Amino acid sequence: MIRRRSTPWIHQRSRFIIASLATVGVVITAYLTLVKLTGGTEACPITGCDQVLSSPYAVVFGLPLALFGFLAYTIMAGMAVSPWLINRETHKSLRTKTEDWTWLLIFAQASAMMIFSGYLMYLMAFVIKSLCIYCIASAICSVSLFALAILGRDWEDRGQLFFITVVVGMITLIGTLAIYAPINSPRAEKNPFNITTTSNPANIELAQYLTQSGAKMYGAFWCGHCHEQKELFGKQAVENLSYIECDQAGKNPQLDLCKSKNIQGYPTWEVKGQMYSGVQSLEKLAKVSGYTGTRNFGVR
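A.B. asks: What's the story with a nonpolar patch on the surface in this structure? I'm lost.
C.D. replies: A grouping of Phe61, Leu63, Phe68, Leu71 and Ile179 is seen on the molecular surface, where their side chains present a nonpolar patch of about 470 Å² in accessible area. In this structure, Phe61 sits in the loop between strand 1 (59-60) and strand 2 (63-64). What makes Phe61 exposed here is its relative accessible area of 68%.

Structure representation (structure tokens):
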């Protein structure tokens, strides 16, 4: 009597686990996308999330990177459960083909997601130099999906998986480097953001007063909130601000000064010996600095 070999539990549950992990990714990226689109602030148990999520690397084609992550996780979850939507009794052949093709697509997409997440982890650790708990959680999900794509099925041809990984990896890396090329280009002059607003005369007068009174704005060239602050002042006024670059990869960095002031987030204002973290309205900066000039602030 010949016994049938029992199916390993991981093969039985792999699609369910993949769908569950992808759902976790959907929740994380949906939250980050919503916060980004509504202009809110992410709830983060550690410092650094804001710096990572406000960097130029968190925006792709003018849209939040989290939105593309949301789509990727949604597609992954859909592929994982799609065979279950086909009746095994009446459409056995279609279900089998769907299982085979979706496994290949799951593996290919998981490979791309893992490689892209690895690049983002590199940026977070060595370029932005801040930690984001949401980004780390998403990276863990991506690596786990890749592992499950390999272990969750009895692959007959392991060489096929290696080939897919190499091809997808090359395409992913080339595409990623192309997307972020404008940020990493030397011609960007360490400033991936262009100020598009024009200052009212009052904005310029306030900026001049802040500099004369010793006020300083601490920031980083990649910081989205720093750019938001500069947009409030306008191009002409920003030229009169005392701005301190705190990233060594930026233009004219002053790392020692930033460390001595214990700057932990960007932007941070130093006005009259007091530190103010985050984007500040021009009205507040005028009030705390003792500015007495006209307050017809605005940009065009």
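A.B. asks: Would you mind going over the state of the cysteines with me for this structure?
C.D. replies: Working definition of a disulfide: a covalent bond connecting the sulfur atoms of two cysteines. Evaluation of the coordinates by the stated rule reveals two disulfides. What pairs with Cys44 in a disulfide is Cys49, and their sulfur atoms sit 1.9 Å apart. Linking Cys44 and Cys49, the disulfide has an S-S dihedral of approximately 40° and is accordingly described as right-handed. Cys44 gets classed as partly exposed once you look at its relative accessible area, which sits at 26%. Disulfide pairing is shown between Cys246 and Cys258; the S-S distance is 2.0 Å. Its S-S torsion of approximately -85° makes the covalent link between Cys246 and Cys258 left-handed. In this pair, Cys246 is assigned in the loop between strand 4 (243-245) and helix 11 (255-260) and Cys258 in helix 11, connecting sequence segments 12 residues apart. When its relative accessible area of 9% is taken as the criterion, Cys246 is described as buried. With relative accessibility at 6%, the residue Cys258 sits in the buried group. Look at the chain and number its bonded cysteines as they come in the sequence; the links are 1-2, 3-4.

A.B. asks: Where do I start with helix 9 (residues 224-233) in this structure?
C.D. replies: The α-helix advances 3.6 residues per turn, and as a result positions three or four apart in sequence lie on the same side. Where helix 9 is concerned, the buried positions are Cys226, His227, Gln229, Lys230, Glu231 and Phe233. Buried residues belonging to helix 9 abut helix 8 (201-212), strand 3 (216-219), helix 10 (235-238), strand 4, strand 5 (268-271) and helix 12 (282-289). Two residues or fewer past helix 9, Gly234 is found with a positive phi of approximately 95°.

A.B. asks: Teacher, can you tell me more about the side chain of Arg15 here?
C.D. replies: Turning to its location among the elements, Arg15 is positioned in helix 1 (residues 9-38). At 5.3 Å, Glu99 is the nearest oppositely charged side chain to Arg15, a buried residue that forms no salt bridge. Here Met79 takes part through its backbone oxygen, which lies 3.1 Å from a polar atom of the side chain of Arg15. Residues in contact with Arg15, not counting those within four places in the same chain, are Met79, Ala80, Pro83, Trp84, Thr98, Glu99, Thr102, Trp103 and Ile106.

A.B. asks: Sorry if this is basic, but what is going on with the sheet that holds strand 4 here?
C.D. replies: Hydrogen bonds along the backbone pair up the strands of a sheet, which may run parallel or antiparallel. With mixed pairing, four strands are arranged side by side in an open sheet as 4-3-5-6. Because the sheet does not close on itself, it has two edges, and the strands there are strand 4 and strand 6 (274-277). Pairs of neighbouring strands in the sheet enclose a mean axial angle of 25°, with direction left out of account. In terms of strand pairing, strand 3 meets strand 4 through three bridges, oriented parallel. Each bridged residue has a counterpart across the sheet, and for Gly219 the counterpart in strand 4 is Glu245. Most of the contacts of helix 12 go to strand 5, to which it runs at about 30°, and overall it touches strand 5 and strand 6.

A.B. asks: Looking at this model, I keep getting lost on the pairing of strand 3. Mind explaining?
C.D. replies: Within a regular strand, side chains alternate between the sheet's two faces. Judged from the three bridges that link them, strand 3 and strand 5 form a sheet pairing that is antiparallel. Each bridged residue has a counterpart across the sheet, and for Met217 the counterpart in strand 5 is Trp269.

A.B. asks: Could you clarify how one ought to interpret unusual backbone geometry in this entry?
C.D. replies: The omega angle of the peptide bond from Tyr266 to Pro267 is -10°, so this bond is cis rather than trans. Here Pro267 is to be found in the loop between helix 11 and strand 5. Of note, the phi angle at Lys129 is positive, near 60°, even though the residue is not glycine. Turning to its location among the elements, Lys129 is positioned in the loop between helix 4 (92-128) and helix 5 (133-151). Look at Lys129 and you get partly exposed, because its relative accessible area is 43%. Residue Lys272 is not a glycine yet carries a positive backbone phi of 55°. Within the secondary structure layout, Lys272 lies in the loop between strand 5 and strand 6.

A.B. asks: Mind showing me how you'd approach the packing of aromatic side chains here?
C.D. replies: Two measures describe an aromatic ring pair: the distance that separates the ring centres and the angle between the ring planes. Scanning all chains against the criterion turns up 12 aromatic pairs. One aromatic cluster in this structure is built from Tyr57, Tyr119, Tyr122, Phe126 and Tyr180. Between Arg153 and the ring centre of Trp155, over which it is positioned, the NZ or CZ distance is 5.2 Å. Above the ring of Tyr243, the side-chain terminus of Lys230 is found at 4.1 Å from the ring centroid.

Conventions and cut-offs
Residues numbered from 1 in each chain as written. Predicted model: local features only at pLDDT ≥ 70, side-chain atom pairs only at ≥ 80, totals over all residues. Heavy atoms only, no water. Patch = residues over 30% accessible without salt bridge, like charges linked within 9 Å, V, L, I, M, F, W, Y side chains within 5 Å. Areas by Shrake-Rupley, 256 points an atom, 1.4 Å probe, with all protein chains shown as cover. Salt bridge = Lys/Arg side-chain N within 4 Å of Asp/Glu carboxyl O. Helix = DSSP H or I, 4+ residues; strand = E, 2+ residues; numbered from the N terminus. Buried < 20%, exposed > 50% of the residue type's maximum accessible area, 1.4 Å probe, protein only. Disulfide = S-S within 2.5 Å. Contact = heavy atoms within 4.5 Å. Lys, Arg positive; Asp, Glu negative; His and termini not counted. Polar contact = N/O pair within 3.5 Å; in protein donor to acceptor, adjacent residues only side chain to side chain. Pairing = 2+ DSSP bridges. Axes fitted to C-alpha atoms, helices over the stretch in contact; angles between N-to-C directions. Phe/Tyr/Trp six-rings, centres within 6.5 Å; stacked < 30°, edge-to-face > 60°. Lys NZ or Arg CZ within 6 Å of the ring centre and 35° of its normal.

Purely spatial values, then, with no claim about function.
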